[in-house]
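For reference, the chains in residue letters:
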Amino acid sequence: MDREAQRADYAAALRAAAEQRFGAARAAELTQTIEDVAGWMLEVATFPVGAEEAPAFYAEPEPSA
Amino acid sequence: MSLHTLDAIDAARAIREKVLSPADLLESLLERIDRLDGRVQAWTLVDRAGAREAARRAGDEAARGVFRGPLHGVPFAAKDIFYSAGLPTEGGSKVMAGFVPDYDAAAIARLKAAGAILLGKLHTTEFATYDPAPTRNPWNLACTPGGSSSGSAAAVAARMIPLALGTQTIGSNVRPASYCGLVGLKPTFGRISTRGVMALSYTQDHVGLMARSVEDVALGLSITAGHDPADPSSARAPVPDYLAALTRRGAPRIGVLREFFERATPEVADVTAQTVNRLARAGAVVEEAKLPPAFRAAYAAAYLITRSDTASIHAERFAVKAELYRPAIRSAIEMGMLIPGDFYVRALRIRRQFRREMNPLLERYDVLLTPTTPAPAPEGMATGDPQFQVPWSLSGLPSITVPCGLTTSGLPLGIQLVSGAFSEASLLSASAWCEDVLGRGAAPGL
């Protein structure tokens, strides 16, 4: 799947979820935000994050040497 | 010299030497607020009675030779997302109308324990997000002071207070400090406790400091930094003597991140390039530095994480008070509810990878340098572009802005310096050296 198709897929899924959760009218108001978030999801999904890379949370970052 | 122009450290020294009374200093600041805040609108609340009582007590103690700490008798102020015992704390939101906490945020408590006097609370965008505060930029009242720490930046720039607490989750402390011609520090994630600060993100909320000199910021950090067992994000890293670090200032090794210049306006890029040349002529070792691969995913990761965190943090309130939220944060919360969990976790993994990939660069240089903002403070209410702060909010790496000049239209610009985790001592030392070379930031002509 090319990047634009993948981004459109994410946007469609977000739009469907927004309609279900907030109603069609509110989902329509969120159109631009949905497009932004779909773009971020694409960037995160396609970046080659290391297989060993665990999520960082509270105990990060460690002090510099 | 007018008392309201004193830096915090100079005021503290004068009080200790008994040539300045805390009450006289306070009255000078109150007079300044009375004269200017109708136009600047930095303050949500000025606690005149409480501050006067604290100043009277500080003066009595000083007369007896009793000094609580390094800021004895010196006023400070806090963004209105910091809990302040007995004072309204509304986070710029109707959702929190009438809320009065019964304890002080950890950073406020530490400053008070050091003798400082909380003069009042400062405007914020709603819950430190996007919906703007009414505050105007003292350099040009048509312009934003930036956000979300809008009142903090404007009040310090307008000489209404020498030191203010802000916060940064995306770009909310360093950017407004730069827009207003100040020094603004976002320390390492976990360096200053966020206990008692209205949360926006579990992994990107930072308490920040704003002042008119690197020395004042170093003093503020020395007081507020340190482990807090009541804050699960608080770091155990030892706290060095940040003021002592300033005495060891020398020409730093600077890695210039050229990619940021290419995203800036021609004027900002030009002023920053001239600044870099001045620093090099003064002895800094300057080289071009290249960002690691994970930088390109850093923005998307930061935005997905903050949306998801914000949705989680506001879930209960939003369920019953959605109509009280303003449009931008309402959209952010709603979208955060829809982001799938696997994307959130992947974004957190990118966060860690980005920081790890930054390490070699941070070991090679004392500081990395960018323009602080892609453009000066824009006109209107929107709080400006935070993109040059996002990678450091995501990674938790410390960053600071130091004033470097004015645009042709008379608005302040800054350079942003970044260093390794918990390397604030060397970051502040390098910043002080740059401040020596570039000169202190000017004052707005209010």
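Residues numbered from 1 in each chain as written. Chains lettered and ligands numbered in written order. Predicted model: local features only at pLDDT ≥ 70, side-chain atom pairs only at ≥ 80, totals over all residues. Heavy atoms only, no water.

A. Fine view of the pattern of salt bridges. Overall, the coordinates contain 23 salt bridges over all chains when judged by the stated rule. Across the pair E53 of chain B and R57 of chain B runs a salt bridge, and its minimum N-O distance is 3.8 Å. Taken as a pair, E53 of chain B and R57 of chain B lie in helix α3 (residues 48–63) at a separation of four residues, close to a single helical turn. Since its relative accessible area comes to 36%, R57 of chain B is described here as partly exposed. Here D60 of chain B ties to R56 of chain B by a salt bridge, and the two come within 2.7 Å at their closest N and O atoms. Placement of both D60 of chain B and R56 of chain B in helix α3 is noted, with a separation of four residues, approximately one turn of the helix. For D60 of chain B, a relative accessible area of 36% gives the class partly exposed. Owing to a relative accessible area of 44%, R56 of chain B belongs among the partly exposed residues under this scheme. Linked through salt bridges whose partners overlap, the residues forming this network are E4, R7, R15 and E35 of chain A. (Salt bridge = Lys/Arg side-chain N within 4 Å of Asp/Glu carboxyl O. Helix = DSSP H or I, 4+ residues; strand = E, 2+ residues; numbered from the N terminus. Buried < 20%, exposed > 50% of the residue type's maximum accessible area, 1.4 Å probe, protein only.)

B. Region of interest: the confidence of the model for chain B. Residue and element names in this part refer to chain B. When the pLDDT values of chain B are averaged, the result is 97; 100% of them are 70 or greater. Strand β2 (residues 75–79) holds the highest mean pLDDT among the elements of chain B, 99, whereas helix α13 (residues 341–364) holds the lowest, 96. Two numbers describe this predicted complex: its pTM, 0.97, and its ipTM, 0.94. (pLDDT = per-residue confidence, 0-100.)

C. Looking closely at the interface of chain B and chain A. The interface of chain B with chain A comprises 41 residues on the first partner and 32 residues on the second. For the pair chain B and chain A, the summed buried area comes to about 3600 Å², and 67% of that belongs to carbon and sulfur atoms. It is M335, L338 and R349 of chain B in chain B that bury the most area against chain A; as a group they hold 18% of the surface buried on that side. Linking chain B with chain A are two salt bridges. A salt bridge links R356 of chain B to E53 of chain A, with the nearest nitrogen and oxygen atoms 2.5 Å apart. Between the two partners, chain B and chain A, sit nine residue pairs in polar contact (both at pLDDT 80 or more). Going through the elements one at a time, α11 (295–321), α12 (327–338) and α13 of chain B are the ones with two or more residues in the side of chain B that touches chain A. The element best represented in the side of chain B that touches chain A is α13 of chain B, accounting for 13 residues. In terms of residue class, the side of chain B that touches chain A is built from 24 nonpolar, seven polar and 10 charged. (Contact = heavy atoms within 4.5 Å. Buried area = accessible area lost by both parts, 1.4 Å probe. Polar contact = N/O pair within 3.5 Å; in protein donor to acceptor, adjacent residues only side chain to side chain. Nonpolar A, V, L, I, M, F, W, Y, C, P; charged D, E, K, R; others polar.)

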